[in-house]
Amino acid sequence: MKCPLASCVRAHLLLCLGLLRCGEARVNTEVQAGPLYRVAGSPLSISCNVSGFVSETTTKDIEFRIVKPAFPNTEIHIISTKDPNFGYAGYTMRVARKEITLTHVTPNSVLFEIQSLEKGDEGEYHCSVINAEKAYDGTYSAQTTLKVIDNSLSVSSPASTSASYNEGDAFTLSCHASANTVQHTHLSLAWYLRRDDEDSAHPIVSLDRDFSLNPGPGFEDRHQAGLIKLDKFGEATYKLTIGHLELSDRGRIYCQAQEWIQDPDRSWYTIAQKDGEETTVKVKAREVLPDTSSMVVVISAKSDTLQDGQELSLFCHVDSHDLQQRFFSVAWLRENVEVARIGPTGILSVGPEYSRREKEGELMAARTGERDYSLKLQHVRTEDRGAYVCRAWLQDRGPGGAFTQRATQDSHSQLVSISASESGLSVEMQNAGSVNEGFRLELKCKVLGGKGQLSVTWQRKSTPTAIFASVISLSQEGVAEKAEEFKSRKVNAMRPAPDTFTLELDEVRPSDSGVYECAVSEWNINTKTHSKSDSATVKVTPAESFVKVNLMSRNSKVTQGQILHLMCRVGGPRLPMTLTWSLQRDASTIDDILTLYSDGSISWSVEQQRYQLKVENTRNEVIYYLIINGASHKDAGNYECRVSVVLEKVPKKLTPSNRLAVSVENPESKLVLTATAALSVNVNTGIEMKCSVISEPAASSRYSVTWLLQQPGENKTIVISDKDALVTFGPTIVPSHRERVSVKRTKGPSFEFSIQQVEISDNGLYTCEVVEWLPDPHGDWYQLSPVSKTTQLTVNEPVNDLCLDYNQHPPAAREGDEVELKCNIISAASSSSFFYKVSWLYTAHDSSTTNVLVELDHTGLLSYPKNQELRDLQGRLRLSRPTRSSFPLGIQRAREEDGGTYRCVVEQYQLDHEGHWQKKASNRTGPIPLTVNVAEKNLSIAKEDKRLNISRLQDFHIPCHITHQSSSESEFQVTWFWQKETGTEKHPLFTAYRNSTLHDRFGKGDQLRFGHPLPNQFSLTVLKPSPEDSGLYFCEVEEWLPSLSRGWRKLAVENSGYLTLDVYVEGDVKAVSEQPCQWPIWMGVLVVIVICSLLVIFLLVLMKCRRKASGRQKPDQNLWAEEHPLKEKPIADD
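Here we summarise the structure given alongside this text.

The rules behind each value
Residues numbered from 1 in each chain as written. Predicted model: local features only at pLDDT ≥ 70, side-chain atom pairs only at ≥ 80, totals over all residues. Heavy atoms only, no water. Helix = DSSP H or I, 4+ residues; strand = E, 2+ residues; numbered from the N terminus. Rg over C-alpha atoms; globule rule 2.2 N^0.38 Å. Buried < 20%, exposed > 50% of the residue type's maximum accessible area, 1.4 Å probe, protein only. Contact = heavy atoms within 4.5 Å. Areas by Shrake-Rupley, 256 points an atom, 1.4 Å probe, with all protein chains shown as cover. Lys, Arg positive; Asp, Glu negative; His and termini not counted. Charge placed at Lys NZ, Arg CZ, Asp CG, Glu CD. Salt bridge = Lys/Arg side-chain N within 4 Å of Asp/Glu carboxyl O. Pairing = 2+ DSSP bridges. Disulfide = S-S within 2.5 Å. Axes fitted to C-alpha atoms, helices over the stretch in contact; angles between N-to-C directions. Phe/Tyr/Trp six-rings, centres within 6.5 Å; stacked < 30°, edge-to-face > 60°. Lys NZ or Arg CZ within 6 Å of the ring centre and 35° of its normal. Core = buried A, V, L, I, M, F, W, Y, C linked by side-chain atoms within 4.5 Å. Arc of directions from axis to C-beta. Polar contact = N/O pair within 3.5 Å; in protein donor to acceptor, adjacent residues only side chain to side chain. Patch = residues over 30% accessible without salt bridge, like charges linked within 9 Å, V, L, I, M, F, W, Y side chains within 5 Å.

1. Topic: the overall build of the protein
Link 1 in the chain: The number of helices and strands found in the protein is nine helices and 86 strands.
Link 2 in the chain: Against the globule reference of 32 Å for 1134 residues, the protein gives a C-alpha radius of gyration of 65 Å, more extended than a compact globule.
Link 3 in the chain: Put simply, the protein has 1134 residues, and 44% of those count as buried.
Link 4 in the chain: Restricting to contacts in the protein with at least 6 residues of sequence separation, those with at least 24 account for 62%.
Link 5 in the chain: A total of about 57,800 Å² of accessible surface is found on the protein, and carbon and sulfur atoms cover 51% of it.
Link 6 in the chain: Put simply, the protein has 124 plus and 141 minus side-chain charges, and the middle of one group is 2 Å from the middle of the other.

2. Re the pattern of salt bridges
Link 1 in the chain: A complete count under the given rule lists 54 salt bridges for this structure.
Link 2 in the chain: Salt-bridge contacts for Asp 150 lead to Lys 119; the nearest nitrogen and oxygen are separated by 3.6 Å. Of this pair, Asp 150 sits in the loop between β9 (141-149) and β10 (154-156) while Lys 119 sits in the loop between β7 (109-114) and β8 (123-129), and the two are 31 residues apart along the sequence.
Link 3 in the chain: Relative accessible area serves as the criterion here: at 29%, Asp 150 is assigned to the partly exposed category.
Link 4 in the chain: Salt-bridge contacts for Glu 544 lead to Lys 652; the nearest nitrogen and oxygen are separated by 3.6 Å. Highlighted residues: Glu 544 in helix α5 (residues 543-546) and Lys 652 in strand β51 (residues 650-653), separated in sequence by 108 residues.
Link 5 in the chain: Via salt bridges that share partners, Arg 94, Arg 97, Glu 99, Glu 118 and Asp 121 belong to a single interconnected network.

3. Things to note about unusual backbone geometry
Link 1 in the chain: Cis geometry is found at the peptide bond from Gly 34 to Pro 35, where omega equals 0°.
Link 2 in the chain: Inspection of the secondary structure assignment puts Pro 35 in the loop between β1 (28-31) and β2 (36-39).
Link 3 in the chain: Residue Pro 749 is bonded to the preceding Gly 748 through a cis peptide linkage, with omega at -5°.
Link 4 in the chain: With respect to the element layout, Pro 749 can be found in the loop between β59 (741-746) and β60 (750-755).
Link 5 in the chain: Residues other than glycine seldom take positive phi values, yet Ala 725 does so here, at roughly 70°.
Link 6 in the chain: Counting through the fold element by element, Ala 725 comes out in the loop between β57 (714-721) and β58 (727-729).
Link 7 in the chain: In this structure, Ser 996 takes a positive phi of about 70° despite not being glycine.

4. Some words on the pairing of β59
Link 1 in the chain: Bridge count for β59 against β60 is six bridges, and the pairing is antiparallel. In the strand pairing of β60, Lys 744 is matched with Glu 752.
Link 2 in the chain: Remark: three residues form the turn of the hairpin made by β59 and β60, two consecutive strands paired antiparallel; Gly 748 in that turn has positive phi of roughly 140°.

5. Some remarks on the pairing of strand β36 (residues 469-474)
On a regular strand, one side chain projects to one face of the sheet and the next to the other, so that they alternate.
Link 1 in the chain: The pairing of strand β35 (residues 453-461) with β36 spans five bridges and is classified as antiparallel. Looking across to β36, one finds that Thr 457 is bridged to Ser 473.
Link 2 in the chain: The hairpin formed by β36 and strand β37 (residues 480-482) contains five residues between the paired strands, and Gly 478 there has a positive phi angle of roughly 90°.

6. Some remarks on the side chain of Thr 767
Link 1 in the chain: Inspection of the secondary structure puts Thr 767 in strand β61 (residues 764-775).
Link 2 in the chain: Beyond its immediate stretch of four places on either side in the chain, Thr 767 contacts Thr 706, Trp 707, Leu 708, Ser 788, Lys 789 and Thr 790.

7. Side note on the state of the cysteines
Link 1 in the chain: Considering all chains together, one arrives at eight disulfides under this definition.
Link 2 in the chain: Each sulfur in the disulfide pair Cys 823 and Cys 904 lies 1.9 Å from the other. On the S-S bond that ties Cys 823 to Cys 904, the torsion sits near -65°, and the link is left-handed. On the criterion of sequence distance, the pair formed by Cys 823 in the loop between β66 (819-821) and β67 (825-827) and Cys 904 in strand β73 (residues 900-911) is long-range, its members being 81 residues apart. Of the two residues, Cys 823 and Cys 904, neither departs from the other in class, the shared state being buried.
Link 3 in the chain: Covalently, Cys 960 is tied to Cys 1035 through a disulfide, its sulfur atoms 2.1 Å apart. Judged by the sign of its S-S torsion, about 80°, the cystine formed by Cys 960 and Cys 1035 is right-handed. Taken together, the residues span a long stretch of sequence, with Cys 960 in strand β78 (residues 956-964) and Cys 1035 in strand β84 (residues 1031-1043) at a distance of 75 residues.
Link 4 in the chain: What makes Cys 960 buried here is its relative accessible area of 1%.
Link 5 in the chain: A relative accessible area of 0% means that Cys 1035 is categorised as buried.
Link 6 in the chain: Here Cys 803 is not disulfide-linked; the sulfur of Cys 823 is the nearest cysteine sulfur, at 11 Å.
Link 7 in the chain: Classification of Cys 803 as partly exposed rests on a relative accessible area of 28%.

8. Some points on the sheet that holds strand β4 (residues 62-67)
Link 1 in the chain: Taken in spatial order, the five strands make up an open sheet running β2-β9-β8-β4-β5, and their pairing is mixed. Strands with a single pairing partner mark the edges of an open sheet, and in this sheet they are β2 and β5 (76-80). The average angle at which neighbouring strand axes cross in this sheet is 30°, direction not considered.
Link 2 in the chain: One ladder, built from four bridges, connects β2 with β9; its direction is parallel. In the sheet register, Val 39 faces β9, and the bridge partner there is Ile 149.
Link 3 in the chain: Packing of helix α2 (residues 89-96) onto the sheet brings it into contact with β4 and β5, and relative to β5 it is tilted by some 25°.

9. Some words on the packing of aromatic side chains
Link 1 in the chain: Going through the model one piece at a time under the given rule, you end up with 21 aromatic pairs.
Link 2 in the chain: Judged by centre distance (6.4 Å) and plane angle (35°), the rings of Phe 1010 and Phe 1018 are tilted. The same class applies to Phe 1010 and to Phe 1018, which are both buried.
Link 3 in the chain: Put simply, the rings of Trp 976, Phe 990, Phe 1010 and Phe 1018 pair up and form one aromatic cluster.
Link 4 in the chain: In this structure, Lys 986 packs its charged tip against the face of Phe 977, placed 5.3 Å from the ring centre.

10. A few points about the nonpolar core
Link 1 in the chain: Within the largest apolar cluster, 34 residues are counted, with the highest numbers of intra-cluster contacts made by Leu 566, Cys 568, Val 570, Trp 581, Ile 593, Tyr 624 and Tyr 639.
Link 2 in the chain: Secondary-structure elements contributing two or more residues to this core are α5, β42 (548-552), β44 (564-571), β45 (577-584), β46 (590-596), β49 (621-628), β50 (637-647) and β52 (660-665).
Link 3 in the chain: In contact with Leu 566, not counting residues within four places along its chain, are Met 552, Ser 553, Trp 581, Tyr 624, Tyr 625, Leu 626, Tyr 639, Leu 660 and Val 662.
Link 4 in the chain: One finds Val 39, Ala 177, Val 205 and Leu 240 within the second-largest nonpolar core, a separate group that totals 32 residues.

11. Comments concerning α2
Link 1 in the chain: Restricting attention to buried positions, one finds in α2 the residues Tyr 91, Arg 94 and Val 95. The arc that holds the buried residues of α2, viewed along the axis, is 100°, so those residues lie on one side. Every exposed residue of α2 that faces more than 90 degrees away from the buried side is listed here: Ala 89, Met 93 and Ala 96.
Link 2 in the chain: One or two residues past the end of α2 sits Lys 98, with phi positive at roughly 65°.

12. Overview of the environment of Ser 1026
Link 1 in the chain: One can find Ser 1026 in the loop between β83 (1017-1022) and β84.
Link 2 in the chain: Measuring from C-alpha to C-alpha, the distance between Ser 1026 and Val 1065 comes to 8.3 Å, with 39 residues separating the pair along the chain.
Link 3 in the chain: Here the side chain of Ser 1026 touches Glu 1028 through a polar contact of 2.9 Å, side chain to side chain.

13. Observations concerning a nonpolar patch on the surface
Link 1 in the chain: Taken together, the side chains of Met 1083, Leu 1086, Val 1090, Leu 1094, Ile 1097 and Val 1101 define a hydrophobic patch exposed on the protein surface, amounting to about 560 Å² of accessible area.
Link 2 in the chain: Residue Val 1101 is classed as partly exposed on the basis of its relative accessible area of 45%.

Spelled out as structure tokens, the structure:
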């Protein structure tokens, strides 16, 4: 057998997987709703459908299992569409013999069938579909309950006989059918005809379960004409009447009863079927020729004035054309009530009021000639007087032998007068009154003044307005004859004294109530002379009115394992009865325990080892004891005892007893616990709580433990360890919390609960709730009341003193360097329960807007807020955490525009008891200014001021000497200016750009010569100046360096010293030179000029040689002003 744990785990897995998906479940399995009640030996079919799979056309594999009441925790395999060896040993042979089958109706539905149910097939049937898809989503199993009950259907009919009838004769047959099923059922009964030359039977007429009467095919016309009837008498008697037999009625006639039960889906199902014995019927035919001519009907009487006791003779004459080839039906009617009829085949039938007199030989009718019919009624009575009519029908016979009624013709009325004769006969009924159902009815008829021989006829009618029907008669010779309806009943007519007649009817029913008549007749030799009658009303009291059923118990609340005593007290007169004990555990299902039959036999529907039955007879009642040894929770519910009285072997259900609610309680728990005292710990430490059982445990005890946490405004379950030590966490416990929690069992038993790295959210009152489990007599486990102990846990949090390092020196950097900005936590970073979010902020030099450059949140997620202007800078950032308290920001390949103000913002976070992040503190560093330079400014120009007096014929040089520069990569733009005197407007003369482009700014290109003898020396020569050129001359140098992001960038601007120039005409010079004291000076100046010229020529030659060697100048060009006169070329400033 398979352990039920696997099924539980499978069902739990399916449920969990279904909850992971959103929306409604996709796969659904449905099985026929239960409980289903079926009779042992009958077939069983259960349908099972699945839906919701991705592929609806793929045939699904389905399995059937059963859980039997005796083994409620064990699933037994029966059959599978996939594995032929799926079934367990108890079902293997039945499956192999095809007694149990599982057939696909569609790819998504199957039909499970058992050909013949056994008592052991009762249980809960599980239909499971095998999932061939990867995902689980929905319900893959469904179950229904089957109850197997005994077959209590009983059907009987008269022993098989063979009777011959003429065409047109009347035919009657009775059948008894009853059932004693505890559940609510309906009976249906049908009469069938199996013709001699056919194998299949044809329904004649049927009474359905809803009491509707339906004729079979081919019998509709006769049923509508009243010639075929099905009547029910009493509780279980069904009578078939065919008023006119036809040739097609030849064959074997039998009754068939079916017992129906309504399933929970409101459909009706046949649980039992039985057939009665067959009766062979032979019908003789006669040949006729049809005709359609009219006819004449005449009635006459031998004497129309009579005294009671005499004979009445009536004659009917029918005349028509071709009379010999026609068929007629002829009837006599008195006051429109049919007395007798002769059919077309000569069969006599009489009306209900005259059937007894016909059987006693008082009524006779016959066809006396070709056109003549006669009716004789002997021993007439005064009630026989009145108007008589003769009625004739022309009948056409069809090819199958059936007759069709055509024209009808009535004679004139014949008045008959009957007077009473003198007689001393009188009759008096005695002992009339009431009688209990199931007992004997005894009626006494006292006769006074009787002469000669006497006969008696006992008759009954159900209502005063109905017609009397015969019960039994006792002839003058003492021969008793039962009426057809009472042939199966125990009825007797006796004459215990000459003046007394008695009627005895055993096991009376409520349907036997009515008016009973005792009709006594005087006889002279074989002639009835006088008749007298008397009547009395008899009431049959139903059994439910005097049989009282009461269910009680000395103690309806018992403890597990105790003995439960139930008493069913049946009060009233003693009758044979059947008693059934039943138990209703839920609102829909009633389970039978046992049935005690009237013959003393017992049918058990449960395992009887724990049950005892005892019967005690007292004067006024019978007490039935049901004793249950070792009560368990399965024995709790509403008990009921049902009683059926058995009358003529037919059970009749009575009103069931009151329902008695029985509860089975668990014993008091004697469990005593001890638990750990209050705990106070710091965060991030481990704790252990212990909960121990100090009371003496039972040998079979098991324990389940639940650890709960109580916090302000919330109670939640942390972890549960069931009786089998299977651990499950509470629904609100998040995975991160589960990883820190563990439980353990040790000897004692003791239960340990541990939390690793406790957090502030773990604060609260912890409860250890222990439940003791014990096995009941069935082997099922039940729990006692829980016992609990509490432990207060206090988790202390370190003082929060978040502080950052404010003492940072503003860093200075050059372009291309790697810059590191520091952000250090100098306190509050040691606790592992704190987490930090770090943000670096940036404000550019020329902006008042502060932007977030980069964030490292408390979960370790690094992010760069989108900012198109800062995209380049963010791409060169590197935020690291080399230590727990350090978050430096690195800028790779720093650029000049990276300069600005930086700040570090730190936020402190901690998880609360719900697992939510809570902000504890925040702080920020002071502003950290950053300047990124292309290079350090170090430009210096010779600033010596000079004064020069020259003539118009002399050239002069304006030197520009760079003494220091910021970088070896520097390039220079030099511009020479002229102004008339200090404070006047400056006029640019000439510009030598850094890309070696020359620009004459003053429009004197033919007078200007540019010189650049050395990398740091520039000069401008002015040829043949005029006196207007006198004034102040100086040069302005711009130093340019390449920037990483901005291209070439002006780094510095410096001016040289002033050259003051005075230009005079030649006369002025000669006058001055003629002075004898100044000529040596001019000679010295001339010598100096010659020396300088030679030096310049030497330097120029040397530079030209160097340029040719380095390839920086083409061979056919140089910068000598003499060789390349300056030409003006305007150009925009860089």
